[in-house]
Amino acid sequence: MAIELSTAGTEELGSVVAVLREWTREDVPLQLHPGDLGWFWRFGIERTAAATRIWRRDGEIVAIGMLDEPDWLRMSIAPELQRDEELARRIAGDAAEVLVEGKVFVETPMGAMVQDLLFKEGWNPDAPWVPVRRDLSTPVPDPGARVDVIGAEEAHERVGVQRASFAGSTFTNERWFAMSDGLPYEDARCLVLRNDLGESVAAATVWSAGAGRPGYIEPMGGHNLHRGRGYGTKMVLACAQALQDLGASSVYTVTPATNVGAVATYEAAGLQPLAEIRAQVREA
C-alpha cells in the first residue's frame, strides 16, 4: 500500500501519543519521546497538532515527525521499519516539503535507513549531542533536599525557575497550564527543588512513557542565582526518583556534547553517557 503523509488533527493527537509510548523501548535507538510532544504542548493543542506529521501505510502509523522549529524536524519511526527502504525514501523525499527553505535539520533514530539516504543526497551530520542514561532497576539515592511536585497553585514557581535558567525563555504561567492539560502530561511531573531557606533553586519536568519504558527529563534547569552549589545533581536524582515511582525502566536525557558541565552534572547523579547522536543538516 502507498505511504501517506498528513498533518495531525487535534483529534489524532491521542493516537500519536499512544504510538510514541509504544515505540519507546529499551531495545530501540533513542527517538522522539512522548515527552517531546508533551513539552511542545505548552504552545496549545492546535499548534501542537499543526507541528505534528504522520506517515501511514495501509492506515497504520509508521512514522511520526514533530517540527520543533520550522527548520527542525524530529522523527520517530516504527522500530521494525527503521531499515525499511520504501518508508525511508518517502521520509527523505518528504523532508524537503515539510521544512522551510534554507538551512534545515532532520533528527532521526541513529542507524535508520533514512539517514543513509539523506547523506547520499548531500546532507551532512550536525554537531554531536550526548545521551545520558541511568537504569532504574535499583534504588536511587535520596537527593538530600526538599523537592516538591508542582501543581496549579505553585505553577508560577516552576515557570520562574525556567525563566531564570534559560536566557530568552518564553515559558509563562499560561503555557504551563496548556502543557499540563496535554495528553502526555498524564504520565509527567513538574518538580521544584528548594534550598534550606525554601527558595526555588532548580526545576525539571519528567515524562514517563508507561511502566517498564524509558522515562525522559525535558527540560531541567538551575536558577541563575543559585548555580555552582550542587543543586543540579540533586535535581537529577529527584528526577530519577520520580520516574522510578512512575514505573519507568530508566531515565535519560540528551545534551549538547559541548556542554561538558551538564554532562558532568548528569554523571554525578549516576547517568552514564551513551554513544553520541547527530541530526542531519542540509545547508542553504
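Residues numbered from 1 in each chain as written. Predicted model: local features only at pLDDT ≥ 70, side-chain atom pairs only at ≥ 80, totals over all residues. Heavy atoms only, no water.

A. Broad picture of the overall build of the protein. Looking only at helices and strands, one finds nine helices and 14 strands in the protein. Taking 19 Å as the expected radius of gyration for a compact globule of 284 residues, we find that the protein reaches 19 Å, a close match to that expectation. For the protein, the spread of C-alpha atoms along the principal axes amounts to about 60 × 40 × 35 Å. The burial tally for the protein puts 52% of its 284 residues in the buried class. Put simply, 73% of the contacts in the protein that link residues at least 6 apart link residues at least 24 apart. As displayed, the protein has an accessible area near 12,500 Å², and 49% of this comes from carbon and sulfur atoms. Here the protein contributes 27 positively and 41 negatively charged side chains, and the mean placements of these two sets differ by 4 Å. (Helix = DSSP H or I, 4+ residues; strand = E, 2+ residues; numbered from the N terminus. Rg over C-alpha atoms; globule rule 2.2 N^0.38 Å. Buried < 20%, exposed > 50% of the residue type's maximum accessible area, 1.4 Å probe, protein only. Contact = heavy atoms within 4.5 Å. Areas by Shrake-Rupley, 256 points an atom, 1.4 Å probe, with all protein chains shown as cover. Lys, Arg positive; Asp, Glu negative; His and termini not counted. Charge placed at Lys NZ, Arg CZ, Asp CG, Glu CD.)

B. Focus on the sheet that holds strand β4 (residues 72–77). Here we have seven strands laid out as an open sheet, ordered β1-β2-β3-β4-β5-β14-β6, and mixed in their pairing. Edge strands, defined here as strands with exactly one partner in the open sheet, are β1 (3–7) and β6 (124–125). Direction of pairing for strand β5 (residues 104–107) relative to strand β14 (residues 280–282): antiparallel, over a ladder of three bridges. Bridge assignment links Phe105 to a residue of β14, and that residue is Val281. In this fold helix α1 (residues 13–23) packs onto β2 (52–57), β3 (60–69) and β4, with an angle of close to 100° to the strand it touches most, β3. Here helix α5 (residues 113–120) sits on the sheet in contact with β4, β5, β6 and β14, set at roughly 30° to β14. (Pairing = 2+ DSSP bridges. Axes fitted to C-alpha atoms, helices over the stretch in contact; angles between N-to-C directions.)

C. Local environment of the pattern of salt bridges. Within this structure, the stated rule accounts for 16 salt bridges. A salt bridge links Glu86 to Arg57, with the shortest nitrogen-to-oxygen separation between them at 2.9 Å. Residue Glu86 is found in helix α4 (residues 85–98), and its partner Arg57 is found in strand β2; the two are separated by 29 residues along the sequence. We classify Glu86 as partly exposed; its relative accessible area is 44%. According to the relative accessible area criterion, Arg57 is buried, its value standing at 18%. Several salt bridges share partner residues, and in doing so they unite Asp36, Asp68, Arg74 and Glu107 into one network. (Salt bridge = Lys/Arg side-chain N within 4 Å of Asp/Glu carboxyl O.)

D. Expanded view of empty space enclosed by the protein. With the rule as written, the count across this model stands at one cavity of 30 Å³ or more. Put simply, the largest cavity is a space of about 70 Å³. Along the walls of the largest cavity sit Trp23, Thr24, Arg25, Val28, Pro29, Leu30, Gln31, Leu32, Pro214 and Tyr252, which together make up its complete lining. The residue makeup of the lining of the largest cavity, split by class, is seven nonpolar, two polar and one charged. (1 Å grid on protein atoms, 1.4 Å probe; cavity = no way out; pocket = protein on both sides within 12 Å on 5 of 7 lines; lining within 4 Å. Points joined across faces, edges and corners; volume = space filled by probe spheres on them. Nonpolar A, V, L, I, M, F, W, Y, C, P; charged D, E, K, R; others polar.)

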